[in-house]
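# Tertiary structure, described
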Amino acid sequence: MHIAVIAAISLIGGPLLGLYVFNAPRGEMLTLSLRTGLGWGLSFAFVAAFIYTAWLIRTAWKGYYKHVAARKMDEFYRAIEGEQTKD
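These notes cover the structure that comes with them. (Residues numbered from 1 in each chain as written. Predicted model: local features only at pLDDT ≥ 70, side-chain atom pairs only at ≥ 80, totals over all residues. Heavy atoms only, no water.)

### Details of the packing of aromatic side chains
For any pair of aromatic rings, the description consists of the separation of the ring centres together with the inter-plane angle of the planes. All chains considered together, the criterion is met by five aromatic pairs. Between Trp-61 and Tyr-64, the aromatic rings sit 5.7 Å apart at their centres with planes inclined by 85°, giving edge-to-face as the arrangement. A residue pair is termed a helical-turn pair when its members lie 3 or 4 positions apart in one helix, as Trp-61 and Tyr-64 do in helix H2 (residues 34–81) at three residues. By relative accessible area, Trp-61 is classed as partly exposed at 45%. The class of Tyr-64 is partly exposed, set by a relative accessible area of 45%. With 5.7 Å between their ring centres and 55° between their planes, Phe-76 and Tyr-77 make a pair best called tilted. In this structure Phe-76 comes out as partly exposed when scored by relative accessible area, which is 44%. One aromatic cluster in this structure is built from Trp-61, Tyr-64 and Tyr-65. (Phe/Tyr/Trp six-rings, centres within 6.5 Å; stacked < 30°, edge-to-face > 60°. Helix = DSSP H or I, 4+ residues; strand = E, 2+ residues; numbered from the N terminus. Buried < 20%, exposed > 50% of the residue type's maximum accessible area, 1.4 Å probe, protein only.)

Following this line, the structure appears as structure tokens:
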């Protein structure tokens, strides 16, 4: 689902930003080449993919550290109560 949203936004927003950057008048929107629009769209898709990958890595690390902290707290409470670990 995330990849589909990134692709849709990139392929719609990329060409529109390309038109804005090139300062194309409104009448020339349809005459701008398809190649330019796809180029901007694919460029946005690559940038969005890098940002999404960084977000995934950050989320995974946060989850990992949260899991490690919860496990250490469980071990701490077991040590206080005098229970033995079954590892």
